[in-house]
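Chain by chain, the residues:
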Amino acid sequence: MAEKILPPVWYIAGFVGNPISAFIWLGQRMRRNNSSAVYLGFLSLTDMIFLILNLMYLLHTTWGYKVYNDHVSCEIFLLAYYVPQYLSTFLVMGFTVERYVAVCHPFMKEKWCTVRKALIIILFLSTFSFLLASAHSYLWAYHTDMDVCSHRQNVDSDFITWWILITDVAVFVLVPVIVLIFNVMVIREISKISRNNVVHRQQNRRGNGVTSTVTLLAVSFYLILTQISATAVGLLHQAFPFGDPFMSDEDIRKDQTWSRFFTFQDVRKVVEVICLSHYAIYFFIYCATGKHFQKEVLYLLTLQGRLPFLATMLSTKRRKEHYTMVSTNGCAVSEMYTTNMSTTI
């Protein structure tokens, strides 16, 4: 029931929020001199692709529709299903490390935190994710006799277990822990410079720089919470084995081993579907923590300034406001909205 009720909520949120987020972050005004926007834009696209594949996965496993029960399609689907999962985590690590460089080593920012380098890193992470996920096209196969897409029979089961264990821990536990470490260092550095009253001066000079750091920290911390939680319950399944499969239904209901197994499976499914939310709700995190992102959303809602009355209704301030890009790479690049809509924000 958890898999049937909660995922549609995430699909609705993700199918609306991710395209809007990608459109805004990858728009010319946001990505210019703003390498963080490139990461967030591709993250939105990656999450959108995963939600589409996850919908197909649940239709197959939960609802009983044989979406990829066939030769070749079984292997291809499992390969495609894991690529965005890996890439989403790697992209968060990418912009987290970049934010660490920008905050803790500002003199290196112009060299390393550029749009060009961000695109190169994203290409590398995409290739690495594909190569890492390609193993699943070998581990899975369609079995005609059972009409099921399952682990390949001629591959040692211990190898499959250890491969999945190692890759899941490395990508979904180790990488989030690395992200956490860099986040702690960023927060410590911000705390240190705030005590020296540097943040206020940087805000006046660079506009939304601190706000963008809050956005990136919020995204990465949410990934840490959800990825580690989902992976932890997945790894714990070996501690709750199923009981004797030859028992009658009545004996199974009374058996303690089966009871622990079913209880754990209930908890596991609920945790997993809740943690699935990080592929869908980043749009709301951007709106809650990024003032410039809020303005861009408002700009879209008012059809690029063609509905000034709607902008007046949604705006809380009626004044002209200058802003700088999320990450200017040291360049004093300032812009101002020129439409009637934007001057009321």
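The name that an unreviewed UniProt entry assigns to the protein chain is Thyrotropin-releasing hormone receptor, with the source organism given as Biomphalaria pfeifferi. Heading Subcellular location (unreviewed entry) of the UniProt record for the protein chain holds this comment: "Membrane".

Now for the overall build of the protein chain. Secondary structure assignment for the protein chain yields 15 helices and four strands. Here the protein chain holds 345 residues, and 46% of them are scored as buried. Within the protein chain, residue pairs in contact and separated by at least 24 positions form 74% of the contacts whose partners lie at least 6 positions apart.

Leu 43, Tyr 86, Phe 95 and Tyr 286 are the most contacted members of the largest nonpolar core, which totals 60 residues. Top element by residues in this core is helix H4 (residues 73-104). It accounts for 14 residues. Apart from the residues within four sequence positions on either side, Tyr 86 is in contact with Ser 129, Leu 132, Ala 133, His 136, Thr 167, Val 171 and Phe 172.

Sequence positions flagged by UniProt for "transmembrane region" (unreviewed entry) are, in local numbering, residues 6-26, 38-59, 79-97, 118-140, 160-186 and 207-225. Split by type, residues 6-26 is 95% helix and 0% strand. Its first and last C-alpha atoms lie 29 Å apart. Here residues 79-97 runs as 100% helix and 0% strand, with 27 Å between its end C-alpha atoms.

Let's shift gears to the packing of aromatic side chains. Taken as a whole and assessed by the stated rule, the structure comprises 24 aromatic pairs. Ring plane angle 85° and centroid distance 6.1 Å describe the contact between Phe 242 and Phe 261, whose orientation is recorded as edge-to-face. Remark: Phe 261 occurs in helix H12 (residues 256-275) and Phe 242 occurs in the loop between helix H10 (209-235) and helix H11 (249-254); sequence separation between them is 19 residues. The exposure class of Phe 261 is buried, given its relative accessible area of 16%. Among the aromatic residues, those joined into a cluster by ring pairs are Phe 50, Tyr 57, Tyr 68, Phe 77, Tyr 81, Tyr 82, Tyr 86, Phe 172 and Tyr 279.

We now examine the packing of helix H3 (residues 35-61) against helix H6 (residues 115-133). Direction vectors running N to C along H3 and H6 enclose 30°, while the axes themselves pass 8 Å from each other. Regarding the angle of H3 to H6, the classification is roughly parallel. Handedness of the H3/H6 crossing: right-handed. In contact with Ser 35, Val 38, Tyr 39 and Phe 42 of H3, H6 contributes Val 115, Ala 118, Leu 119, Ile 121 and Ile 122. Its residues placed into classes, the contact of H3 with H6 shows eight nonpolar, one polar and no charged.

Let us now look at the state of the cysteines. Enumeration over the complete set of coordinates arrives at one disulfide. Each sulfur of the disulfide joining Cys 74 and Cys 149 lies 1.8 Å from the other. Every disulfide takes its handedness from the sign of the S-S torsion; for Cys 74 and Cys 149 that torsion is 65°, giving right-handed. Taken together, the positions of Cys 74 in helix H4 and Cys 149 in strand S2 (residues 148-151) put the pair 75 residues apart, joining distant regions of the chain. Overall, the relative accessible area of 9% leaves Cys 149 in the buried class.

This part takes up the pairing of S2. Bridge count for strand S1 (residues 140-143) against S2 is four bridges, and the pairing is antiparallel. Across the sheet, His 143 pairs through a bridge with Val 148, a residue of S2.

Here we come to the confidence of the model for the protein chain. The predicted structure's coordinates, where accompanied by low pLDDT, should not be read in detail. The predicted model of the protein chain has a mean per-residue pLDDT of 82, with 83% of residues at 70 or higher. Averaged pLDDT values over the elements of the protein chain bottom out at 34 in strand S4 (residues 334-335) and peak at 95 in H6. Across residues 203-211, where pLDDT falls below 50, the model places 19 contacts with residues more than four positions away in sequence or in other chains.

Throughout the structure, instances matching the rule amount to six salt bridges. A salt bridge links Lys 192 to Glu 189, with the nearest nitrogen and oxygen atoms 3.4 Å apart. With Lys 192 and Glu 189 both in helix H8 (residues 157-195) and three residues apart, this pair spans about one turn of that helix. Given the relative accessible area of 41%, Lys 192 is considered partly exposed. Here Glu 272 makes a salt bridge to Arg 268, at a shortest N to O gap of 3.0 Å. Of this pair, Glu 272 and Arg 268 are both found in helix H12, four residues apart, which corresponds to roughly one turn of the helix. A relative accessible area of 24% places Glu 272 in the partly exposed class.

What counts, and where the lines are drawn
- Residues numbered from 1 in each chain as written.
- Predicted model: local features only at pLDDT ≥ 70, side-chain atom pairs only at ≥ 80, totals over all residues.
- Heavy atoms only, no water.
- UniProt positions renumbered as here; feature names shortened; annotations may be inferred.
- Helix = DSSP H or I, 4+ residues; strand = E, 2+ residues; numbered from the N terminus.
- Buried < 20%, exposed > 50% of the residue type's maximum accessible area, 1.4 Å probe, protein only.
- Contact = heavy atoms within 4.5 Å.
- Core = buried A, V, L, I, M, F, W, Y, C linked by side-chain atoms within 4.5 Å.
- Phe/Tyr/Trp six-rings, centres within 6.5 Å; stacked < 30°, edge-to-face > 60°.
- Axes fitted to C-alpha atoms, helices over the stretch in contact; angles between N-to-C directions.
- Parallel < 35°, antiparallel > 145°, perpendicular 65-115°, else oblique.
- Left-handed = near helix turned anticlockwise from the far one by under 90°.
- Nonpolar A, V, L, I, M, F, W, Y, C, P; charged D, E, K, R; others polar.
- Disulfide = S-S within 2.5 Å.
- Pairing = 2+ DSSP bridges.
- pLDDT = per-residue confidence, 0-100.
- Salt bridge = Lys/Arg side-chain N within 4 Å of Asp/Glu carboxyl O.

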